[in-house]
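# Descriptive analysis of the structure
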Amino acid sequence: MLTPLKREDFDKYIDFIYALALDPARSGYPTYTDGIKTKADFVERSLRAYERANEDILLYERDGKIAGWIHYYYLAEDKYLDTCSFNIAEGMGDAIAEFTAFARERFPGSELYMKFPGENTQAEAALEAGGFACIERDFNDVFDLDRYEVRPQDPDVVPVTRENYDLFRALHAQVEDMYWNSDRLLADMDE
């Protein structure tokens, strides 16, 4: 069962949910296992749900106990629904089924994006069984700046500007089955 998490109950669950965020087999992206993002980052990002009208955190209850949460946000103008965290201790498949049913009812006609590490085989199986398409398989790589040696800049590398944007668009269009397509990037270029 999914129920909205009240702000006054947030502290009661945060340690449990953060522990799930550290387990790639029981969590979604973004990952907190990369050694970069911290518990403070997780807490700060989660608390923003209470400041924004287009976000919410749903507790997932299974067999009478809290088994996780789903933090999502919705961009109405784009009919875009995405998750900020999807951390479930047990019953991942049921949680996905309940959340997708919730999303269909509450946000009809929207596109739902959910991201999970490859280690979360339960999520992958549940999404596949639900008829969802995997549109992307990625690797979460971390670059160690302490071991980086600065090299001379290649003269063929140029910043993307409005004047040369068509060059970037030609490259990006090859892989833009994503929210941040070329048109949205151009519209938000000043940011």
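This text goes with the structure placed above it.
Bear in mind the structure is a predicted one, so any value in this text is a computation, not a measurement. (Residues numbered from 1 in each chain as written. Predicted model: local features only at pLDDT ≥ 70, side-chain atom pairs only at ≥ 80, totals over all residues. Heavy atoms only, no water.)

Another aspect to go through is a nonpolar patch on the surface. On the surface, F143, L145, Y148 and V150 cluster together into a nonpolar patch covering about 500 Å² of accessible area. Positionally, L145 belongs in the loop between helix 4 (121-129) and helix 5 (165-172). (Patch = residues over 30% accessible without salt bridge, like charges linked within 9 Å, V, L, I, M, F, W, Y side chains within 5 Å. Areas by Shrake-Rupley, 256 points an atom, 1.4 Å probe, with all protein chains shown as cover. Salt bridge = Lys/Arg side-chain N within 4 Å of Asp/Glu carboxyl O. Helix = DSSP H or I, 4+ residues; strand = E, 2+ residues; numbered from the N terminus.)

Moving on: the nonpolar core. Of all hydrophobic cores here, the largest spans 21 residues; its most connected members are F86, I88, M92, I96, F99, M114 and F116. Put simply, the parts of the chain that give this core at least two residues each are strand 2 (55-62), strand 3 (65-75), strand 4 (80-88), helix 3 (92-106) and helix 4. For this core, the element with the highest residue contribution is helix 3, accounting for five residues. Setting aside chain neighbours within four positions, we find F86 in contact with R26, S27, G28, W69, I70, M92, A95, I96, F99, M114 and F116. Formed by 14 residues, the second largest nonpolar core is a distinct cluster that contains Y13, Y32, A49 and L59. (Core = buried A, V, L, I, M, F, W, Y, C linked by side-chain atoms within 4.5 Å. Buried < 20%, exposed > 50% of the residue type's maximum accessible area, 1.4 Å probe, protein only. Contact = heavy atoms within 4.5 Å.)

Along the polypeptide, W180 turns up in the loop between helix 5 and helix 6 (182-187). If sequence neighbours within four positions are ignored, W180 has contacts with H172, L185 and D188.

Under the definition given, this model contains 14 salt bridges. Two residues, R26 and D23, come together in a salt bridge whose shortest N-O distance is 2.8 Å. Ionic pairing is found between D82 and K115, a salt bridge with its closest N-O pair at 2.3 Å. Taken as a pair, D82 in strand 4 and K115 in the loop between strand 5 (111-113) and helix 4 lie far apart in primary sequence, 33 residues in all.

What follows covers the pairing of strand 2. By the criterion of burial, strand 2 is predominantly enclosed, with six of the eight residues buried. Bridge count between strand 1 (residues 2-4) and strand 2: three bridges; the pairing is antiparallel. Residue pairing for strand 2: T3 is matched across the bridge by L59. As paired strands, strand 2 and strand 3 are joined by eight bridges and run antiparallel to one another. Paired with E61 across the two strands is I66, which belongs to strand 3. Hairpin connection, strand 2 to strand 3: the antiparallel pair is bridged by two residues, and D63 has positive phi, about 50 degrees. (Pairing = 2+ DSSP bridges.)

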